[in-house]
Amino acid sequence: MINAQKLRQEFPILEQVVNDEALVYLDNAATTQKPEAVLQTLENYYRKENANVHRGVHTLAQRATQKYETAREKVCQFIHAEKTEEILFTKGTTASLNWIARSFGDRFVQAGDEIVISYMEHHSNIVAWQQLAKRKKAVLKYIPLTKKGFLDMEEAKKQITNKTAVVAITHASNVLGVLNPIAELTNLAHLHQAIMVVDGAQAVPHMPVNVKELDVDFYAFSGHKMCGPTGIGVLYGKQEWLEQMEPVEFGGEMINFVHLYESTWADLPWKFEAGTPNIAGGIGLGEAIDYLDKIGLVEIFQHEKELVSYVLPKLQAIEGLTVYGPQDPYEHTGVIAFNLDDLHPHDVATALDMQGVATRAGHHCAQPLLQYLGVAATVRASFYLYNTKEDADRLVEAVKETKEFFKYGTF
Ligand SMILES: Cc1ncc(COP(=O)(O)O)c(C=O)c1O
């Protein structure tokens with residue numbers, strides 16, 4: 001079991017006072033805080049190890065290369081991929097998804113092919129496919145949701161057909177707090193010779209993920225949502241696809257030989273990684289993985305389940321508060337989107353912030369979903385390994401105070 005009270009001591013940023021109140025950080029779906037171990041690794045890298053990778057023969061260059069490539073091995077083991085050739089470092093989930101749409105899409109998607117996504121996707125798993133559909137005259141289709149907020153699997157079975165080239169679905173929603181049945185969707189996609197792409201931004205930080213068992217073709221996630229630095233992310237792809245795909249960016253690092261008018265590409269995974277990579281970011285992500293592994297992904301998942309089971313009924317008991325997605329805590333991840341009466345979510349989030357509670361208000365980069373739900377915006381509280389029941393209580397109390405404030409004008 002996780003001792004969050006103890007763990008949070010490893011996150012110096014959480015020890016501060018905001019608006020005269022001890023900070024309660026509940027915006028983890030946007031980005032997570034970094035433990036001392038990751039902060040020290042980053043500082044150590046720049047203070048003692050900084051050098052470019054894959055180029056120099058000097059000691060620092062070799063050390064940086066070895067650490068960067070060790071981080072790739074850690075990522076590989078973390079998501080249970082078969083080999084490091086299948087692990088590409090990117091800027092983050094958005095870049096990973098763009099690479100697939102650009103590289104796989106331009107090569108394999110034809111006019112009239114269908115790309116199937118869902119109404120609960122983040123913009124980064126929508127817009128790249130819209131652009132591909134435009135370039136290729138392909139057709140973009142949306143799987144609808146059930147009343148409870150789950151992906152409608154009966155509809156998925158109808159939408160995924162022999163015309164489908166790509167199925168691209170989020171593993172965990174960043175708004176509704178639901179998990180999607182990726183193995184089942186992958187089976188469906190493969191049954192129709194389509195590829196399965198997964199946006200894992202909200203899953204990999206919170207639960208064990210095994211890409212081999214899921215049999216997905218591509219899987220994308222971000223370092224900054226899992227205690228790692230910003231500017232580093234991962235694209236997992238099956239080697240058989242990556243071998244056939246063209247790089248998206250060209251230049252140094254990704255070549256084998258450059259002639260005057262032609263060039264050949266480096267082996268996987270470097271063929272896709274043009275230019276100097278985010279070396280510190282990669283090494284920092286490796287450290288974050290060590291950190292998460294030490295705690296245990298099963299334990300993190302259970303901890304968030306416990307917190308949600310504790311806080312969701314308390315929020316639901318507040319008159320005028322609407323929770324989006326499943327109402328049963330056992331069906332809900334650590335992401336809770338809600339609205340309070342007819343108050344504007346920005347006003348609510350500002351009032352919460354005045355009480356030291358950091359949440360997110362807005363469309364959460366999921367405008368089609370919010371239109372589907374019939375709201376312009378929501379407040380979102382999202383929990384992580386360092387959040388405690390005391391944080392949950394502070395949220396509930398702050399929401400109640402906010403309700404009173406907008407009724408009577410005082411805290
Ligand atoms: C489900 C989901 N997909 C993709 C992204 C985009 O991640 P990034 O901004 O790190 O590229 C996010 C970030 O909020 C997300 O929640």
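Residues numbered from 1 in each chain as written. Predicted model: local features only at pLDDT ≥ 70, side-chain atom pairs only at ≥ 80, totals over all residues. Heavy atoms only, no water.

Under the annotation held in an unreviewed UniProt entry, the protein chain carries the name Cysteine desulfurase and is attributed to Tetragenococcus solitarius. The UniProt entry for the protein chain carries the following text under Sequence similarities (unreviewed entry): "Belongs to the class-V pyridoxal-phosphate-dependent aminotransferase family. Csd subfamily." Its UniProt record, at the heading Cofactor (unreviewed entry), says of the protein chain: "pyridoxal 5'-phosphate". (UniProt positions renumbered as here; feature names shortened; annotations may be inferred.)

A. Structural context of the UniProt feature "domain: Aminotransferase class V" (unreviewed entry) in the protein chain. Residues annotated in UniProt with the feature "domain: Aminotransferase class V" (unreviewed entry) correspond here to residues 24-395. Annotation note: span residues 24-395, helix share 40%, strand share 17%, distance between end C-alpha atoms 8 Å. (Helix = DSSP H or I, 4+ residues; strand = E, 2+ residues; numbered from the N terminus.)

B. How the structure looks around the sheet that holds strand 10 (residues 233-237). Taking strand neighbours across the sheet as the criterion, the 7 strands line up as 4-10-9-8-7-5-6 in an open arrangement whose pairing is mixed. Edge strands, defined here as strands with exactly one partner in the open sheet, are strand 4 (87-90) and strand 6 (139-143). Across the sheet, the mean angle separating the axes of adjacent strands is 20° when strand polarity is ignored. Strand direction decides the pairing type here: strand 9 (residues 218-222) and strand 10, joined by 5 bridges, are antiparallel. Note on strand 10: the bridge partner recorded for Ala220 is Leu235. Its contacts with the sheet put helix 3 (residues 59-78) on strand 4, strand 9 and strand 10, and the angle it makes with strand 4 is roughly 115°. Where helix 7 (residues 182-191) meets the sheet, it contacts strand 7 (164-170) and strand 8 (195-199), and its direction lies at approximately 150° from that of strand 8. (Pairing = 2+ DSSP bridges. Axes fitted to C-alpha atoms, helices over the stretch in contact; angles between N-to-C directions. Contact = heavy atoms within 4.5 Å.)

C. Representation of the site of the ligand. What surrounds the ligand is a group of 13 residues, the closest being Thr94, Asp199, Gln202, Ser222 and Lys225. Gln202 places a side-chain nitrogen or oxygen 2.6 Å from an oxygen atom of the ligand. Protein contacts shield 85% of the accessible area of the ligand, which totals 400 Å² for the unbound molecule. Here the shell around the ligand is composed, by residue class, of 2 nonpolar, 9 polar and 2 charged. (Near = heavy atom within 4 Å. Polar contact = N/O pair within 3.5 Å; in protein donor to acceptor, adjacent residues only side chain to side chain. Areas by Shrake-Rupley, 256 points an atom, 1.4 Å probe, with all protein chains shown as cover. Nonpolar A, V, L, I, M, F, W, Y, C, P; charged D, E, K, R; others polar.)

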